[in-house]
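Chains, contacts and geometry: an overview
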Amino acid sequence: MSAVGSLKQTGLLRRGVLLGTILLIYVFLLVPVAMVVLTSFTGRAFPAIPYDGISLQWYVALMTDSQLLGALFTSFVVATGAAIIAVIFGTIAAIGFVRAEFPYKQQLSTIMLLPMIISPVITGIALIRYFGQINVNAGYPTLIIGHSILGVPYVFLLVRSELVTFDNDLEKASRVLGADPTMTFTNVTAPIISPALLSGLFIAFIVSFGEFTATQFLIAPGTSTVPVEIYDMLRTGLTPEINALSTVLVVIMVLAAVLSRYLER
Amino acid sequence: MLEVNGLTKYYGDLCAVNDVGFRIDEGEFVTLLGPSGCGKTTLLHMIAGLREPTEGEVTLRSENVTNLPPEERNIGMAFQSTALFPHMTVRENIAYGLRMHGYDEEERHARVQEFLELVDLPNHDDHRPGELSGGQQQRVSLARALAYEPDILLLDEPLTGLDRVLREEMRQWLMTLQRELGVTSLYVTHDQEDALSMSDKVVVLDDGEIQQVDHPQAIYEQPVNDFVAEFVGKSMQFSGPIRNDGPRPFVDAGDTCVVLPNDSVSSDREEVSLYVRPEDVNIEAAQATADGGATTVAATEENAFPGTIEKVSNLGNRAEVTATLESGETALASTNRFPHLEVGDEVLVTFDSESVIVL
Amino acid sequence: MSVVVERSPVPSWLSDRITNRHLVAIGVGWVTFFFVFPVLFLVVESINFGDGHPLQAYQRAMGGVYLAAFVRSFLYGIVTTLVTLALAYALAYYLVFSSKRVRLLLTLVVVPLWIAYIIRYFGVLLFFSPTGPLAQSFGIETDLLFTTTAVIIGLANAYLPFAVLPIYNSLNAIHHETINASRTLGAGQLRTIYSVVLPLSMPGVVAAGVIVFILSAGSFLGPDILGGSGQSMIANEIARAFLEAFNIQLASALAVIYTILLIGFIAIFNAVFDLQEALGNL
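Quick caveat, the model's predicted, so the values are computed rather than measured.

Examining the overall build of chain A
On a plain count of helices and strands, chain A comes out with 12 helices and zero strands. For 265 residues, the compact-globule estimate of 2.2 N^0.38 gives 18 Å, and chain A exceeds it by more than 25% at 24 Å. Taking the principal axes of the C-alpha coordinates as reference, chain A spans close to 75 × 70 × 35 Å. Counting all 265 residues of chain A, 52% fall into the buried class. Sequence separation of at least 24 residues holds for 76% of the intrachain contacts in chain A that already meet a minimum separation of 6.

Take a look at the structure:
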């Protein structure tokens, strides 16, 4: 009787310890970002938990800061452009790699993943020096091309995994049913793989929108992005305006991610 | 209706299909039978226009279509994977082929309805393929392939992947449908039961080459070579040289002698293979002699061999009995009655010399 | 003769001219032109064509603060990887074997991946900063800011999701029957974890370890925001040489050395495991 009881107790204890550990890991993972968002609503001059009521004054400050609004605009333009280019080239490569057969295919496809592996500091320096050599101007061109390179591996992996499960019989069936290759592509292939493309588009957008390390080398005066602004503000000291700007960034990125996940289904 | 002449396909140096020729008449149901990798799918794709032949031609309705793309051949095709478009409803799937063949909205609607009823799925037009069972999907796939009245229906192992009971049912259903519509059909399969039970004519393919073209019964009873004999149906096998120094020709298969049909080749040949179908083999318990040993009637009768029961499988409507002969060969008999035999029983295996297939 | 098109994903007006190999060439060519070439160009940039030794930047890069930064990158990478793997394994194990809300909990793991690194490091900074909410509202001063501990905590926080996913996938692939079999064969719970679950989930653990090591060893923001000059890692030294000292030759030499080390590491790993499969988990 007592043996059973103590067994049950150690079982409960073990489960309690496990649950506690898991909870702590989630706290560790999520609380920092939650704290950024929470303390953006303070009325004080430093990021504080808003016990004494929620204030939007730092968001108001944000709205009147033309430099930050400019950075937000730049980030949008760059992320949109970069995402489109990344999807185009990531998809082209994914289709090619899935359907072509040639020696060393697997090894060659690793090139598509390199931008994910090499430290972004190196990417940033390499790109800005190289762009200087081939006469690409710093600013939008370097940012858009650079960010698209950083997004390509994600699009490539996503679209490739989608295409691998694509049933090639569908295209054959369409042809036999009387559709020519163009109609087959627009009626069958495109509708089936487009959710993956859209999902890839949003992921590439997110990668670009949040990128700082390589970006700091690629910007030109007047084309600063939001993460670069946040970094510069952090250098000069903590103000809740950083939190407000970060929160805006978080909202946009999470929104894009939710859209992407929704489209993937 | 369909004629294939000297069709050949090379992949690099590899020959997948070699000089294949056969014809299908209007309304016929022909099966292309062969083991996987024998080139039957390549052959089917060349007929459909999905693959370009290295040599040879395909004639459909007396028109040479060898160089036409699939969409201009007016064929219907059912795939093993069903290949239903997952993003379209059942109705849209069936209407797709009609749309591509220029049917207007009204006709499309009527035909979709008609063919859904034909395949017994009248109320499933708004379902997505993913919501249907395997058998239902295959039926929709057939409706889609037939709705625009193709000149010929190509079926690429449509029943593979269905479970045994459903497969049997679909086979019946498919045969009825084909006879009803009278559509010329080419059915590709590796399953001999499919081939023997449904077709007017069977084309046996192996290693990219045609082995035999004949009626199902002839394929089973008069195979032309060892491959066909072994691939289609089960059998009991012997081999050895033919001898003519007895009252009738016989084969000296080591420890046993097998007497051959009267009309079989009388010339001496080094080595022949003999096949006896299980339906023609009889296995019965050996009668005990007075001293308790098994009889040796075998010695006096032709084609009767003593053996021991190895396995008895009851297959419901029939039973299969496997015995090992004293000479070492394995005998297989199929019977409609339940054989009152057990593993280890001493038996006598007999068959009529007229039923022996000599190759 | 070539009217018949063997299945092709692109319209005929394109496919007549473009084959799948062309598609590969376009994709790979684009990454090569805008990524591989730029990185290779750093090799040229790192060589001294003026007076002095052609490889003088390399001589400098192999010593002093730079050597220390290389060593630090390696050590921080290892420590971060170990800490992250331990946390990720516990979490993934719970998700696979004990949790009833897997979808929700897994989403919570992925959410941080959608948020910019800089914001996540900023969040960690709020806990350590003397002007952060903890210090100001509760009077809790950690004295951790600008320490190695703070950098490791930041890195582990940033890369934990990357470790959870591969381990989760590999644990999820283990048949529950295997575990039940071990239990019925007389092994206790811990014994089962040790001798059945752990070996079977090893591919996921290795994949997670490699990803976290690559990312954390090359991190710039972690040590930059949470560390001091004593926590400077190789990415920080490269950036400093480039942005502050304007010594492009040195920055390039450091980048070249680091890239060669990294690619060597990946090549060794790739010979044993499939890197693509590891990255495909993300």
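A short note on the packing of helix α3 (residues 66-99) of chain A against helix α7 (residues 140-164) of chain A
Residues and elements named next belong to chain A. Across the interface, α3 lies against α7 with an axial gap of 5 Å and an inter-helix angle of 40°. Taken together, the axis directions place α3 and α7 in an arrangement best described as oblique. Between α3 and α7 lies a crossing of right-handed hand.

What to know about the interface of chain C and chain A
Every contact between the two is made by 73 residues of chain C and, on the other side, 77 residues of chain A. With 19 residues, helix α2 (residues 20-46) of chain C is the largest single contributor of residues to the side of chain C that touches chain A. Considered class by class, the residues forming the side of chain C that touches chain A number 52 nonpolar, 17 polar and four charged.

Remarks on the pairing of strand β2 (residues 14-24) of chain B
Successive side chains on a regular strand alternate, one facing one side of the sheet and the next facing the other. Residues and elements named next belong to chain B. The pairing of strand β1 (residues 2-11) with β2 spans seven bridges and is antiparallel. Counterpart to L2 in the pairing with β2 is I24. Adjacent in sequence and paired antiparallel, β1 and β2 are bridged by two residues, among which G12 carries a positive phi angle near 65°.

Structural notes on the sheet that holds strand β13 (residues 250-253) of chain B
All names here are of chain B. Overall, antiparallel pairing links the three strands, which are arranged β12-β13-β14 in an open sheet. The open sheet has two free edges, formed respectively by β12 (242-243) and β14 (256-259), since each of these has just one partner strand. Bridge count between β13 and β14: four bridges; the pairing is antiparallel. Counted as the bridge partner of D252 is C257 from β14.

Remarks on the UniProt feature "transmembrane region" (unreviewed entry) in chain C
Residue and element names in this part refer to chain C. As annotated by UniProt and renumbered to match this structure, "transmembrane region" (unreviewed entry) occupies residues 23-44, 64-97, 104-128, 148-171, 192-215 and 250-273. Within the segment residues 23-44, helix and strand shares are 100% and 0% respectively, and the terminal C-alpha atoms sit 30 Å apart. This span, residues 104-128, is 76% helix and 0% strand, and a straight line between its end C-alpha atoms measures 30 Å.

Considering the UniProt feature "domain: ABC transmembrane type-1" (unreviewed entry) in chain C
The feature "domain: ABC transmembrane type-1" (unreviewed entry), as given by UniProt, occupies residues 70-267 of chain C in the numbering adopted here. Annotated as 77% helix and 0% strand, the span residues 70-267 of chain C places its first and last C-alpha atoms 19 Å apart.

Structural notes on the domain arrangement of chain C
Residues and elements named next belong to chain C. Splitting chain C by domain gives domain 1 (1-46) and domain 2 (54-280). Each of domain 1 and domain 2 was reduced to a C-alpha centroid, and the two centroids are 34 Å apart. Contact with domain 1, which involves five residues of that partner, is made by eight residues of domain 2.

Some points on the nonpolar core
Burial of nonpolar side chains together is a common tendency in soluble globular proteins. Ranked by internal contacts, the top residues of the largest apolar core, which has 165 residues, are A204 and M253 of chain A together with A88, A92, I238 and L254 of chain C. With near-sequence residues (within four places) excluded, I238 of chain C lies in contact with V121, I122 and I125 of chain A together with A251, L254 and A255 of chain C. The next biggest cluster of nonpolar side chains, apart from the first, holds 97 residues, and it includes F29, L50, V202 and I309 of chain B.

What about the domain arrangement of chain A?
Put simply, an interface is often sized by how much accessible area is lost when its parts join up. All names here are of chain A. Each assigned domain of chain A is listed with its residue range as follows: domain 1 (2-41) and domain 2 (57-264). Using only C-alpha atoms to locate each centre, domain 1 and domain 2 end up separated by 36 Å. Counting residues at the interface gives five residues for domain 1 and seven residues for domain 2. Looking at side-chain class alone, the side of domain 1 that touches domain 2 contains three nonpolar, two polar and no charged residues.

So, the confidence of the model for chain C
For any part of a model where pLDDT is low, the fine detail of the predicted coordinates should not be relied upon. Confidence in the prediction of chain C, expressed as mean pLDDT, is 86, and 90% of residues score 70 or more. Segment residues 1-16 of chain C is flagged for pLDDT under 50; beyond a separation of four residues in sequence, or across chains, it makes 33 contacts in the model.

A short note on the UniProt feature "domain: ABC transmembrane type-1" (unreviewed entry) in chain A
In the numbering adopted here, UniProt assigns the feature "domain: ABC transmembrane type-1" (unreviewed entry) to residues 72-260 of chain A. With 79% helix and 0% strand, residues 72-260 of chain A has its two end C-alpha atoms placed 21 Å apart.

With respect to the sheet that holds strand β16 (residues 281-285) of chain B
All names here are of chain B. Read from one edge of the open sheet, five strands run β16-β20-β17-β18-β19, paired in antiparallel fashion. Looking at the sheet topology across the chains shown, the edges are occupied by β16 and β19 (330-335). Across the sheet, the axes of successive neighbouring strands diverge by a mean angle of 40°, strand direction being ignored. Where β16 meets strand β20 (residues 346-351), five bridges bridge the pair, whose relative direction is antiparallel. Note on β20: the bridge partner recorded for A285 is V347.

Thresholds, definitions, all that
Residues numbered from 1 in each chain as written. Chains lettered and ligands numbered in written order. Predicted model: local features only at pLDDT ≥ 70, side-chain atom pairs only at ≥ 80, totals over all residues. Helix = DSSP H or I, 4+ residues; strand = E, 2+ residues; numbered from the N terminus. Rg over C-alpha atoms; globule rule 2.2 N^0.38 Å. Buried ≥ 20, exposed ≤ 12 C-beta atoms within 10 Å, placed from the backbone. Contact = placed C-beta atoms within 7 Å. Axes fitted to C-alpha atoms, helices over the stretch in contact; angles between N-to-C directions. Parallel < 35°, antiparallel > 145°, perpendicular 65-115°, else oblique. Left-handed = near helix turned anticlockwise from the far one by under 90°. Nonpolar A, V, L, I, M, F, W, Y, C, P; charged D, E, K, R; others polar. Pairing = 2+ DSSP bridges. UniProt positions renumbered as here; feature names shortened; annotations may be inferred. Domains from an automatic or database assignment. Core = buried A, V, L, I, M, F, W, Y, C linked by C-beta atoms within 7 Å. pLDDT = per-residue confidence, 0-100.

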